[in-house]
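# What the coordinates show
The primary structure of each chain is shown beneath.
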Amino acid sequence: LKKDEDLFTGPDGSKQWRKWTIKPWYKSENEVGGIIKYTEIITQEKETAEKLKLSERSFRENFTNAAIGMAILDTNGKWLKTNTTICNIIGYTQEELQKLDFQAITHPEDLASDLEHLDKLQKGEIENYQIEKRYIHKKGHIVHVILGVAALRDQNGTILNYISQIVDISKRKIA
């Protein structure tokens, strides 16, 4: 018998997660002498896993439902995941954006500045950046935005992805 996680409730009402295995031990080849029970307390691991699940769900829901455009891009600037708000801002579906990189829809006059900031971010000279720039909407018109970018790094400092936040300021620019 074995159980990878089992919740035990103590007499005082305390909860403890355990992993356990019960096996027979033998006096001889055909004679069981008793049982061996191995128990490992996994409460901390279980609680950590639950906190991680909650954190991931919270990030996912905040990302999806944010009032600003949010995107995750790979290290080459290719759109990996976008929320509905960013799709509405620039007119592309998530599937269409995943076939593009940010350079493809950045106004040509703004690309050098964006790439310069990105280079500083890659080199670790800055932690994040925020710039005003223009995207070219799928329908061809200009969309003015404030773009914020931060790098998601692993424990060695290697960039895994970029997290972008985009606020449409077109109405304010026109006014």
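To start, this report covers the structure provided alongside it. Every value quoted in this text rests on a predicted model; they were computed, and no experiment measured them.

Here the focus is the overall build of the protein. What the protein contains, in helices and strands, is six helices and eight strands. Along the chain direction, N to C, the helices and strands of the protein fall in the order β-β-β-α-β-β-α-α-α-α-β-β-β-α. Against the 2.2 N^0.38 benchmark of 16 Å for 175 residues, the protein shows a C-alpha radius of gyration of 26 Å, more extended than a compact globule. Counting every position in the protein, which comprises 175 residues, the buried fraction comes to 28%. About 11,700 Å² of surface is accessible on the protein, with carbon and sulfur atoms providing 51% of the total.

In total, this model carries two aromatic pairs according to the counting rule given. Residues phenylalanine 59 and phenylalanine 63 carry aromatic rings whose centres are separated by 5.8 Å and whose planes lie at 40° to one another, so their mutual orientation is tilted. One end of the pair is phenylalanine 59 and the other is phenylalanine 63, both in helix H1 (residues 43-65) and four residues apart, which spans about a single turn. Taking relative accessible area as the criterion, phenylalanine 59 reaches 41% and is therefore assigned partly exposed. Here the basic side chain of arginine 18 rests over the ring of phenylalanine 8, its NZ or CZ set 4.5 Å away from the ring centre.

Turning to the sheet that holds strand S3 (residues 31-41), a few remarks are in order. Overall, antiparallel pairing links the three strands, which are arranged S1-S2-S3 in an open sheet. Of all the strands in the sheet, the pair left with one neighbour each is strand S1 (2-9) and S3. Between one strand and the next, the sheet's axes are offset by a mean angle of 35°, whatever the strand orientation. As judged from the six bridges shared by S1 and strand S2 (residues 15-28), these two strands associate in the antiparallel manner. Residue leucine 7 lies in a different strand from S2, and its bridge partner there is tryptophan 17. Relative to the sheet, H1 contacts S1, S2 and S3, its axis offset from that of S2 by approximately 135°.

So, about the pairing of strand S6 (residues 128-136). The alternating pattern of S6 places Tyr129, Ile131, Lys133 and Tyr135 on a buried face, while none of Asn128, Gln130, Glu132, Arg134 and Ile136, on the opposite face, is buried. With nine bridges joining them, S6 and strand S7 (residues 142-153) adopt antiparallel strand pairing. If you follow glutamine 130 over to S7, its bridge partner there is glycine 148. Counting the residues between successive antiparallel strands, the hairpin from S6 to S7 contains five residues, one of them, glycine 140, with a positive phi of roughly 105°.

What counts as what
- Residues numbered from 1 in each chain as written.
- Predicted model: local features only at pLDDT ≥ 70, side-chain atom pairs only at ≥ 80, totals over all residues.
- Heavy atoms only, no water.
- Helix = DSSP H or I, 4+ residues; strand = E, 2+ residues; numbered from the N terminus.
- Rg over C-alpha atoms; globule rule 2.2 N^0.38 Å.
- Buried < 20%, exposed > 50% of the residue type's maximum accessible area, 1.4 Å probe, protein only.
- Areas by Shrake-Rupley, 256 points an atom, 1.4 Å probe, with all protein chains shown as cover.
- Phe/Tyr/Trp six-rings, centres within 6.5 Å; stacked < 30°, edge-to-face > 60°.
- Lys NZ or Arg CZ within 6 Å of the ring centre and 35° of its normal.
- Pairing = 2+ DSSP bridges.
- Axes fitted to C-alpha atoms, helices over the stretch in contact; angles between N-to-C directions.
- Contact = heavy atoms within 4.5 Å.

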